[in-house]
Amino acid sequence: MIGLISATAAGAAARDRLAAARPDRTRVYEGPVGDAVRAAFAECEQLVCFLATGAVVRLIAPLLGDKTTDPGVVCVDEGGRFAVSLVGGHGGGANELAREVAELLGAEPVVTTATDAVGLAGLDTLGLPVEGAVAAVSRALLDGEPVALEAESNWPLPALPVAAQGAYTIRVTDRAVEPGEREVVLRPPSLVVGVGASRGAPVEEVLELVEGALRDAGLSPASLAELATVDAKADEPGIVRAAERLGVPLVTYSAEELAAVDVPNPSAAPLAAVGTPSVAEAAALVRGGELLVPKRKSAASPAMATCAVVRRPARGRLAVVGLGPGARDLLTPRAEAELRRASVLVGLDQYVDQIRDLLRPGTRILESGLGAEEERARTAVAEARKGQAVALIGSGDAGVYAMASPALAEASDDIDVVGVPGVTAALAAGALLGAPLGHDHVSISLSDLHTPWEVIERRVRAAAEADLVVTFYNPRSRGRDWQLPKALAILAGHREPATPVGVVRNASRPDESARVTTLADLDPATVDMMTVVTVGNTATREIAGRMVTPRGYRWQEEPK
């Protein structure tokens, strides 16, 4: 919950805007400001104070305890110009909250945390439990000192400016090791414990068994990702409460799924009880991995619980990111976040240049020139299979004549794939032209490099006969100068010569141009590969210089 505190009418107005935008996450504290701050500090995970920074400093100073547990505090000035991350930038989430509040209020976020200021990923913001000398290692990264990364598994981390060797170390491990004086240990969620239990097994017995198995194997409980069991035990109180107390989800599988898993220690007892010869080992192994602790029984007599521990391999992450048509303000916040999350970027060189400044220090860039789409897709998938966090970029929307198709054709289910939509060239051009896509429409590429012309022509004819608005991508190049005239001739057989046609070049870029002409007057020689051509349907009109396709066909029945 986010506590909201204000002292003046101006502050209350901004406070209420934030409360209205996030009603489920916010709580307004009324009354004397000092009392309100003390109450919110004790009850909320975060605070937004619409007060002077100095006043908030004096109010919260006596309340501060530990940076790992104190709430994050953001200050917003009376004029609503700035949202200042004051306390708990990382641990309390104040940095992200400041950015969120600033976006909602139209303010400027002020974040002074050193790593954020220079674009480094904070070691305590990676989403993994972290132990050790966070401040010292972060300072070494900031100062450009060599920091080594020792990853026992290639977990998909954001980019970090690490070296092969260094006086400081970032270690990624699920083993129960103590961090050194100049070391940070990151705990990946790589361990799965399969659990079986008799009816009525006490939670203490299950917990003691699980914790003992991890301890004896030299594994860290901080890397425990989940408990797993058979569906028939989904409501077993001892298992359910053990998962709750360990702070991990309980995942269940059907007896049929578990019976299909090859395990080293099958037993007749669970087969008779729940329909599978193994619960603990099979539940831990069902999604693959290395069996670290074979089935073991609890120490009680009679034993009422069993468990097994598996280390699952890291799953790489591939984000297929659409950069939009070129303008920075048309790059979505989600796309920007994915670029900053990636440790490896794969893309066309000219697209990489567009967003190079957004990448974190240490990002490995794999760029190539035109015509290497399939090679880039294979490279991106191969890097993700190594356990990396990869961003594969394309212009517009990555799923529209871009990189998503070849990448997903190459990828299998051994990596996680995230699609990030972008503003397409057709949409950017449509916004400049007016509203040409107001009714049913289709996009067709006139490039026959990957598609036979016979197929393209058949699609153009179908669109013409169906009276669809048509946007032509890749309409004309120096080596392909006849396709566009042929396509326009096909449309002309079904539409009047005065049908509006929009021609947009380099939409959203500094040298953009847009004009509306007609099907009869369009000169194909004025079109190139940087151009998008949109041909209206029989209802499309030019109104005040804009191209408009109505949402219905009533205009055809109205007098002109």
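For the structure, check the block above.
Residues numbered from 1 in each chain as written. Predicted model: local features only at pLDDT ≥ 70, side-chain atom pairs only at ≥ 80, totals over all residues. Heavy atoms only, no water.

Visitor: Please clarify how the overall build of the chain should be interpreted in this entry.
Guide: Tallying secondary structure elements over the chain gives 18 helices and 28 strands in all. Each principal axis of the C-alpha atoms in the chain carries an extent, and together these give about 90 × 65 × 55 Å. Burial status across the chain gives 48% buried among its 560 residues. Total accessible area on the chain stands at roughly 26,200 Å², and carbon and sulfur atoms take up 51% of it. (Helix = DSSP H or I, 4+ residues; strand = E, 2+ residues; numbered from the N terminus. Buried < 20%, exposed > 50% of the residue type's maximum accessible area, 1.4 Å probe, protein only. Areas by Shrake-Rupley, 256 points an atom, 1.4 Å probe, with all protein chains shown as cover.)

Visitor: How should unusual backbone geometry be read in this particular structure?
Guide: Phi is mostly negative for residues that are not glycine, and the peptide bonds are mostly trans. Residue P302 is bonded to the preceding S301 through a cis peptide linkage, with omega at 0°. Looking at the element boundaries, P302 is found in the loop between β14 (290-297) and β15 (305-311). Positive phi, close to 60°, is recorded for D467, a residue that is not glycine. Note that D467 resides in the loop between α17 (453-465) and β23 (469-473). Although it is not a glycine, A544 sits at a positive phi angle of roughly 55°. With respect to the secondary-structure elements, A544 resides in the loop between β27 (541-543) and β28 (546-548). Given a relative accessible area of 64%, A544 falls into the exposed group.

Visitor: I keep staring at the packing of aromatic side chains and nothing clicks. Help me out?
Guide: Aromatic ring pairs are defined here through the distance separating the ring centres and the angle between the ring planes. What the rule picks out here adds up to two aromatic pairs. A ring pair is formed by Y401 and Y473, whose centres lie 4.7 Å apart and whose planes are at 50°; its orientation type is tilted. Residue Y401 is located in the loop between β19 (389-394) and α15 (404-410), and its partner Y473 is located in strand β23; the two are separated by 72 residues in the primary sequence. You can call Y473 buried: its relative accessible area is 10%. (Phe/Tyr/Trp six-rings, centres within 6.5 Å; stacked < 30°, edge-to-face > 60°.)

Visitor: Got a minute to help me understand the sheet that holds strand β20 (residues 416-420) in this structure?
Guide: Backbone-to-backbone hydrogen bonds join strands into a sheet, with any given pair of strands oriented parallel or antiparallel. Reading across the sheet, the five strands line up as β18-β17-β19-β16-β20 and stay open at both edges, with parallel pairing between neighbours. The two strands at the open ends of the sheet, each matched to only one other strand, are β18 (364-368) and β20. Strand-to-strand, the axes of this sheet are offset by a mean angle of 15°, without reference to chain direction. Across six bridges, the pairing between strand β16 (residues 317-322) and β19 is parallel. When the sheet's bridge partners are listed, G322 is paired in β19 with G394. Its contacts with the sheet place helix α12 (residues 333-341) against β16, β17 (344-348), β19 and β20, and it is angled at close to 140° to β16. (Pairing = 2+ DSSP bridges. Axes fitted to C-alpha atoms, helices over the stretch in contact; angles between N-to-C directions. Contact = heavy atoms within 4.5 Å.)

Visitor: When you look at the pattern of salt bridges in this model, what are you seeing that I'm missing?
Guide: Oppositely charged side chains are able to pair whenever their charged atoms sit close together. Under the defined criterion, the tally for this structure stands at 30 salt bridges. Between E131 and R187 there is a salt bridge whose closest N-O contact spans 3.2 Å. Of this pair, E131 sits in strand β7 (residues 130-132) while R187 sits in the loop between β10 (183-186) and β11 (191-197), and the two are 56 residues apart along the sequence. You can call E131 partly exposed: its relative accessible area is 28%. Salt-bridge contacts for R311 lead to D174; the nearest nitrogen and oxygen are separated by 2.8 Å. Here the residue R311 occupies a position in strand β15, and D174 occupies one in the loop between β9 (168-172) and β10, the gap between them amounting to 137 residues. A relative accessible area of 4% means that D174 is categorised as buried. Taken together, the shared-partner salt bridges in this structure form one network comprising R15, D16 and E30. (Salt bridge = Lys/Arg side-chain N within 4 Å of Asp/Glu carboxyl O.)

Visitor: Before we go on, may I ask you to explain the packing of α17 against helix α18 (residues 483-492) in this structure?
Guide: Any two packed helices are characterised by the angle at which their axes cross and by the distance between the axes. With their axes 9 Å apart at the nearest point, α17 and α18 run at an angle of 30° to one another. With respect to α18, the element α17 is oriented roughly parallel. The handedness of the crossing between α17 and α18 comes out as right-handed. Between α17 and α18, the residues in contact are W453, E457, V460, R461 and A464 and Q483, K486, A487, I490 and L491, respectively. (Parallel < 35°, antiparallel > 145°, perpendicular 65-115°, else oblique. Left-handed = near helix turned anticlockwise from the far one by under 90°.)

Visitor: What exactly am I supposed to notice about the environment of G347 here?
Guide: Within the fold, G347 resides in strand β17. The spacing of G347 and L370 is 23 residues in sequence and 10.0 Å in space, taken between C-alpha atoms. In contact with G347, not counting residues within four places along its chain, are V352, L366, E367, S368, R376 and I393.

Visitor: Would you explain the packing of helix α7 (residues 203-216) against helix α8 (residues 237-246) in this entry?
Guide: One can describe the packing of α7 onto α8 by two numbers: an axis separation of 8 Å at closest approach and a directional angle of 55°. Our classification of the angle between α7 and α8 gives oblique. Of the two possible hands of crossing, α7 and α8 adopt the one that is right-handed. For the pair formed by α7 and α8, the contact residues are V203, E204, V206, L207, V210 and E211 on the first element and G238, R241, A242, R245 and L246 on the second.

Visitor: Any chance you could explain the environment of R551 here in plain terms?
Guide: Along the polypeptide, R551 turns up in the segment after β28. Overall, the relative accessible area of 78% leaves R551 in the exposed class. Through-space distance from the C-alpha of R551 to that of M304 is 67 Å; in sequence the pair is 247 residues apart. Setting aside anything within four residues of it in sequence, one finds R551 in contact with G438 and H439.

No statement about biological role is implied by the geometric values presented.
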